[in-house]
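Single-letter residue listing:
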Amino acid sequence: MAAGVLLAAATVQCAPAEGHTKGSAHPRDVVTWAAGAQRLDEGVAGRGYRLVVRTSVGGTAPRIRLSNAHGDRPVTFDGVYAGLRERGAALVRGTNRRLTFDGEPSVTVPAGGAALSDPARLTVPASADLVVSFRSADAAGPATGHWLAMQTSYVTHGGHTAEESGARWRRTTGSWFHLDAVSVRPARRTGAVAVLGDSLTDGWRSTTDANRRWPDLLAERLRRAGSEVRGVANAGIAGGKVLSDGAGPSALNRLGSDALGRPGVRTVFLFAGINDIKYRPGVTAPELIAGYREIVTRAHAAGKCVVGATLAPFKGWSEWSPQAEAVRQDVNRTIRDGGLFDAVTDFDRALRDPRRPGRLRPAYDSGDHLHPNDRGMRAMADAVGLETLACRDRPDAG
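Conventions used here
Residues numbered from 1 in each chain as written. Predicted model: local features only at pLDDT ≥ 70, side-chain atom pairs only at ≥ 80, totals over all residues. Heavy atoms only, no water. Helix = DSSP H or I, 4+ residues; strand = E, 2+ residues; numbered from the N terminus. Buried < 20%, exposed > 50% of the residue type's maximum accessible area, 1.4 Å probe, protein only. Polar contact = N/O pair within 3.5 Å; in protein donor to acceptor, adjacent residues only side chain to side chain. Contact = heavy atoms within 4.5 Å. Phe/Tyr/Trp six-rings, centres within 6.5 Å; stacked < 30°, edge-to-face > 60°. Pairing = 2+ DSSP bridges.

Draft legend 1. Local environment of the side chain of threonine 95. Along the polypeptide, threonine 95 turns up in the loop between β7 (90–91) and β8 (97–98). Accessibility expressed as a relative area gives 10% for threonine 95, which makes it buried. Polar contacts involving the side chain of threonine 95 include one to the main-chain carbonyl oxygen of valine 92, which spans 2.8 Å. Discounting chain neighbours no more than four positions away, the residues touching threonine 95 are Ala82, Gly83, Leu84, Leu122 and Glu164.

Draft legend 2. Fine view of the environment of phenylalanine 77. By the element assignment, phenylalanine 77 lies in strand β6 (residues 75–87). Under the relative-accessibility criterion, phenylalanine 77 is labelled buried at 0%. Along the chain, phenylalanine 77 and aspartate 138 lie 61 residues apart, while their C-alpha atoms are 8.5 Å from each other. With near-sequence residues (within four places) excluded, phenylalanine 77 lies in contact with Leu66, Pro105, Ser106, Val107, Val109, Phe134, Arg135, Ser136 and His178.

Draft legend 3. The arrangement of the packing of aromatic side chains in detail. Evaluated as defined, the whole model comprises 9 aromatic pairs. Where tyrosine 49 meets phenylalanine 134, the ring centres are 5.6 Å apart and the plane angle is 40°; that geometry is what we call tilted. Here phenylalanine 134 lies in strand β12 (residues 129–135) and tyrosine 49 lies in strand β4 (residues 47–54), a separation of 85 residues in the sequence. The same class applies to tyrosine 49 as to phenylalanine 134, namely buried. Aromatic pair phenylalanine 269 and phenylalanine 347: ring centres 5.8 Å apart, planes at 35°, arrangement tilted. Of this pair, phenylalanine 269 sits in strand β20 (residues 265–271) while phenylalanine 347 sits in helix α7 (residues 347–351), and the two are 78 residues apart along the sequence. Phenylalanine 347 carries the same exposure label as phenylalanine 269, and that label is buried.

Draft legend 4. Representation of the pairing of strand β5 (residues 59–67) in the model. Judged by how many residues are buried, β5 sits mostly within the fold: 8 of 9 residues are covered. Bridging between β5 and strand β11 (residues 123–124) involves 2 bridges; their strand directions are antiparallel. Counted as the bridge partner of threonine 60 is threonine 123 from β11. Two elements, β5 and strand β17 (residues 179–185), share 5 bridges in a ladder whose sense is antiparallel. Note that in β17 the partner of threonine 60 across the bridge is arginine 185. Note that β5 and strand β10 (residues 114–116) share 3 bridges and pair antiparallel. In the strand pairing of β10, leucine 66 is matched with alanine 115.

In structure tokens:
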């Protein structure tokens, strides 16, 4: 899965859960983009980043969050800007806004912490490419970010973040660095859903730079339907598990930072567990269900609903085994019939081959028998009941 990533790959070492965040969200703020935070390779002093992210809900007063969750020392960020992309690394003229933190043009984020910017004077449309630029003169030690972006972003050396031209941003990266969330203030009251998942949610094997991850396609459906939930926070981490750390923190360990802590989130959508099952020795169905139950309990305590998704078939993948398949079937029966979740999305039914239900439908198979292609991603987005994301039955939600 390293294709297209020219700078920095994620390590398998995990840091403690993210600590204090400088700044606090406005009650009307809603997350419009997010990424699960991982530990990346060493930071590079003086490097500038121009990161491209796709919005879900539109609004004004965008705020970004810069994370040092997996760092081992403070990191100072300056020259922080946000604007709308024209093409490549170039911005729409007149949109690049300087961001401040408590009124200051730079911010030092301690190890394990994060910083929320002040609101920018910018209107951000739905389904738009927002570009966040910044640099760090003292970057060192492990960088925090998201390895598998499925999106081309840009790097340079020096202080070119204020420039709207892309001329000095010639090197590319397939990862996001330090940026882990963007929120906006919608014109009317709107909620969000946070999706906890693995590489299928991260979008691996969908088309790079096309925003065809299934959460992106779900955001399009929500917008077209005029739903009261329009924000989508993609908290998928390739290789991620529910119960144990690996390519990133486990779903249990990042539930607070990557889902419950995002502004405006009403509902947690849980689609994870296949990595727990297929890695040998895999977990048992009761162990995985116990992890699900803990996530539901913690989410309910925070006033959120939880939608659970059945695990998709993966026969033909190198780690498939009859034992793993038996666990998957047991887990899916509990998800469908156990009353564990507030609602259920049946991704297994949406993706499986009717003639060989242990396998992906050929039209949806990217070729590796585990990850759906673009058509499969569309089938997943279409399988979600939009009404299940509103969380109307929990009056303290959102």
